[in-house]
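Close look at the chain arrangement
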Amino acid sequence: MKETVVGIIGGTHGMGRWFARLLRNDDYKVHVCGRKTRLGIDDLAGLCHVVVVAVPIAATAEVIKQVGPLMGKDSLLMDLTSIKKEPVELMLASSRADVIGCHPLFGPSLKNVRGQNVILCPARANKRWLSWLKKLLVQGGLIVTEKTPAEHDKMMAIVQVLNHLNTISLGLTLAATGIPLAEIKKFSTPIFKTKVEIIKKIFTETPGLYADIIMHNPAAGEISALYKKSLAEISALLKAGDGKRMKEVMIKKAGKLF
Ligand SMILES: NC(=O)c1ccc[n+]([C@@H]2O[C@H](COP(=O)([O-])OP(=O)(O)OC[C@H]3O[C@@H](n4cnc5c(N)ncnc54)[C@H](OP(=O)(O)O)[C@@H]3O)[C@@H](O)[C@H]2O)c1
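Just so you know, these numbers come straight off a predicted model, no measurement behind them.

Parameters at a glance
- Residues numbered from 1 in each chain as written.
- Predicted model: local features only at pLDDT ≥ 70, side-chain atom pairs only at ≥ 80, totals over all residues.
- Heavy atoms only, no water.
- Domains from an automatic or database assignment.
- Contact = heavy atoms within 4.5 Å.
- Buried area = accessible area lost by both parts, 1.4 Å probe.
- Salt bridge = Lys/Arg side-chain N within 4 Å of Asp/Glu carboxyl O.
- Polar contact = N/O pair within 3.5 Å; in protein donor to acceptor, adjacent residues only side chain to side chain.
- Helix = DSSP H or I, 4+ residues; strand = E, 2+ residues; numbered from the N terminus.
- Buried < 20%, exposed > 50% of the residue type's maximum accessible area, 1.4 Å probe, protein only.
- Lys, Arg positive; Asp, Glu negative; His and termini not counted.
- Pairing = 2+ DSSP bridges.
- Axes fitted to C-alpha atoms, helices over the stretch in contact; angles between N-to-C directions.
- Near = heavy atom within 4 Å.
- Areas by Shrake-Rupley, 256 points an atom, 1.4 Å probe, with all protein chains shown as cover.
- Nonpolar A, V, L, I, M, F, W, Y, C, P; charged D, E, K, R; others polar.
- Right-handed = clockwise from strand over helix to strand, strands pointing away.

Moving on, we come to the domain arrangement of the protein. Annotation of the protein at the domain level lists domain 1 (5–147) and domain 2 (151–257). Put simply, the middle of domain 1 and the middle of domain 2, counted by C-alpha atoms, are 32 Å apart. On the domain 2 side, the residues contacting the 12 residues of domain 1 number 11 residues. Both sides together, the interface formed by domain 1 and domain 2 hides about 950 Å², and carbon and sulfur atoms give 65% of it. Counting across the interface, domain 1 meets domain 2 through 0 salt bridges. On the surface where domain 1 and domain 2 come into contact, there are 3 residue pairs in polar contact (both at pLDDT 80 or more). Within the residue set of the side of domain 1 that touches domain 2, elements represented by two or more residues are α3 (57–67), α4 (85–94) and β6 (117–124).

Here you go:
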C-alpha cells in the first residue's frame, strides 16, 4: 500500500468513484464520502493527504468552502469539476493547501479510458503534487494537458456548451413537431439514429449535469450568441431560397476548418 492517503468527496458514485478505482488499482488507500456515508467531510479531511472534490457542480462551491479550511499546508486539494474557474478560485481562497483543478474529458461509464484527455489546472502546486498527479493519470493511459482555468473554460464552451446547446435545441425542436418518435424512426437515416441516441442520453441520463455545464461556464453567453448568429444566417439563406450561397458558405468554412 502506498503512503499517500486520498479522500474523495463524492467518491461513492460517478466520476469520484471512477477516480477512486484508478487510485485503488495503483495500490493507494482511498476514503470516500457522500451525503449518506458514515464518514463525513470533516473526518475525511483529517485522514487524508489529498482531498478530491467530485460532487455535482451545483454543490461544489459549498463543499469546497467546507473542506478547504480543514486542509493543511502540505496537502493537496483538487477537484474533478467540468468547469474550472470558479472551483479553482474557491479552492485557492478557502485553503492553504496546494491546489490543482482537474477535468477528465469523459464520463464514468466509459469502459476503457486509455487515450482519453484530462486537463489539469495547477493553481498553487509544488512539483511533488503535480508530478504525483500527472504520473497517476499517465500510468492510467490518459493524455494530460496543462491549462489555466480560463483557457479550460473557453475551450469547454465549444466542446461542451456549444455541443450540448446544439443537442438540446435539436431535442426541443423534435418534441415541438408533435410527431411521435416511433413514427419519425420509420424514416430515420443512420446519422439521424445516432443523433437521436445522443439526445436520449443527454435528456434522460444526467440532464442536471448538462444544464450545470452550460449554466456555470463563464464563456457560455459568448458561444451561445455565436450559435444564435449562425442559426440566423442559415435561416436568412433559407428564407431567401439561396441554396447556391448556402453551398458557398459551407465550402468557404470547410476550407477554414479542415
Ligand atoms: N459524469 C460525467 O460525465 C463527468 C465527467 C467529467 C467531470 N464530471 C464532474 O464530476 C463531478 C461529479 O459529477 P458526477 O456526474 O460524477 O456526479 P454523480 O454521479 O451525481 O455523483 C456525485 C457524488 O457526489 C455525492 N454528493 C452529492 N452531493 C453531495 C454533497 N452535498 N456533499 C457530499 N457529497 C455529495 C454523491 O453521493 P450522495 O448522493 O450519496 O451524496 C455522489 O457520490 C461534477 O463536478 C462533474 O462536473 C462529471
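After presenting the structure, the write-up continues.
Next up on the list: the side chain of Asp98. Position of Asp98 relative to the elements: it lies in strand β5 (residues 98–104). No salt bridge is formed by the buried Asp98; its nearest oppositely charged neighbour, Arg124, is found at 5.1 Å. Polar contacts involving the side chain of Asp98 include one to the main-chain amide nitrogen of Asn126, which spans 2.6 Å. Not counting the four nearest positions on each side in its chain, Asp98 is found in contact with Lys73, Ser75, Leu76, Leu77, Arg124, Ala125, Asn126 and Trp129.

Spatial strand order, β2-β1-β3-β4-β5-β6-β7: 7 strands in an open sheet with mixed pairing. What marks the edges here is a single partner per strand, and that holds for β2 (29–33) and β7 (143–146). Averaged over all neighbouring strand pairs, the angle between strand axes comes to 25°, with direction disregarded. Strand contacts of helix α5 (residues 127–139): β1 (5–9), β3 (50–53), β4 (76–79), β5, β6 and β7, with the helix running at about 175° to β6, the strand carrying the most contacts.

Right, let's get into the site of the ligand. Looking at the ligand, there are 24 residues lining it, with Thr12, His13, Met15, Arg35 and Ser82 nearest. Between Thr12 and the ligand, the recorded distance is 2.5 Å, taken from a side-chain N or O atom to an oxygen atom. Side-chain polar atom of Ser82 to an oxygen atom of the ligand: 2.6 Å apart, as the coordinates give it. Within the complex, 83% of the 880 Å² of free accessible area of the ligand lies under protein. Residue composition of the shell around the ligand, by class: 13 nonpolar, 9 polar and 2 charged.

A few words on the pattern of salt bridges. Enumeration according to the criterion identifies 9 salt bridges in this entry. The salt bridge involving Lys65 is made with Glu62; its shortest N-O contact spans 3.7 Å. A residue pair is termed a helical-turn pair when its members lie 3 or 4 positions apart in one helix, as Lys65 and Glu62 do in helix α3 at 3 residues. The class for Lys65 is partly exposed, based on a relative accessible area of 44%. Look at Glu62 and you get exposed, because its relative accessible area is 52%. Among the salt bridges present, the one from Lys84 reaches Asp79, with a minimum N-O distance of 3.0 Å. Given the relative accessible area of 0%, Lys84 is considered buried. You can call Asp79 buried: its relative accessible area is 0%. Several salt bridges converge on common partners, so that one network encompasses Lys244, Arg245 and Glu248.

The subject of this paragraph is the pairing of β2. Across 5 bridges, the pairing between β1 and β2 is parallel. Paired with Ile8 across the bridge in β2 is Val32. Each parallel crossover has a hand, and the one from β1 via helix α1 (residues 14–25) to β2 is right-handed.

The next point concerns unusual backbone geometry. Even without glycine at this site, Asp27 takes up a positive phi of about 75°. Here Asp27 shows up in the loop between α1 and β2. Residue Asp27 is classed as partly exposed on the basis of its relative accessible area of 39%.

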